[in-house]
Amino acid sequence: MTLTMTIQNADNTLFEALKGVIKLSPKARVSVKKIADDDFYSEANIRHLEELKKLDDEGKLHFVKHELIKA
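Residues numbered from 1 in each chain as written. Predicted model: local features only at pLDDT ≥ 70, side-chain atom pairs only at ≥ 80, totals over all residues. Heavy atoms only, no water.

A short note on helix α2 (residues 43-57)
Here is the rule: Only DSSP runs of H or I with at least four residues qualify as helices, and only runs of E with at least two residues qualify as strands; both kinds are numbered from the N terminus onward. Multiply 1.5 Å by the residue count of a helix minus one, and that product is the helix's expected span.
The first and last C-alpha atoms of α2 sit 21 Å apart over 15 residues, in line with the 21 Å expected at 1.5 Å per residue. At the C-terminal side of α2, glycine 59 shows a positive phi close to 75°.

Okay, here's the thing in structure tokens:
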């Protein structure tokens, strides 16, 4: 049986802990594929989103509706 697991924002501590648990099953094998960092979860983007939420909570964020322009 093969299982696929995706873990976002993992660090080496978490990975080492998971390897320790997997070693409890001697026949189990692990394959790790690092996927390029997802910019959505970057610290800079999280700060940006938090600032947008703060502005929205303060009533300082205004949205403008646009019609879809077909070319």
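More follows now that the structure is in view.
Quick word on the pattern of salt bridges
In plain terms, the rule: We define a salt bridge as a contact between a side-chain nitrogen of Lys or Arg and a carboxyl oxygen of Asp or Glu at a distance within 4 Å. The classification of residues rests on relative accessible area computed with a 1.4 Å probe and restricted to protein chains. Under 20% of the type maximum is buried, over 50% is exposed, and intermediate values are partly exposed.
This model, assessed by the stated rule, comprises four salt bridges. Two residues, glutamate 16 and lysine 19, come together in a salt bridge whose shortest N-O distance is 3.4 Å. Taken together, the residues glutamate 16 and lysine 19, both in helix α1 (residues 12-22) and three residues apart, mark about one turn of the helix. On the basis of relative accessible area, glutamate 16 is assigned to the partly exposed category, the value being 44%. On the accessibility criterion, lysine 19 (28% relative accessible area) is partly exposed.

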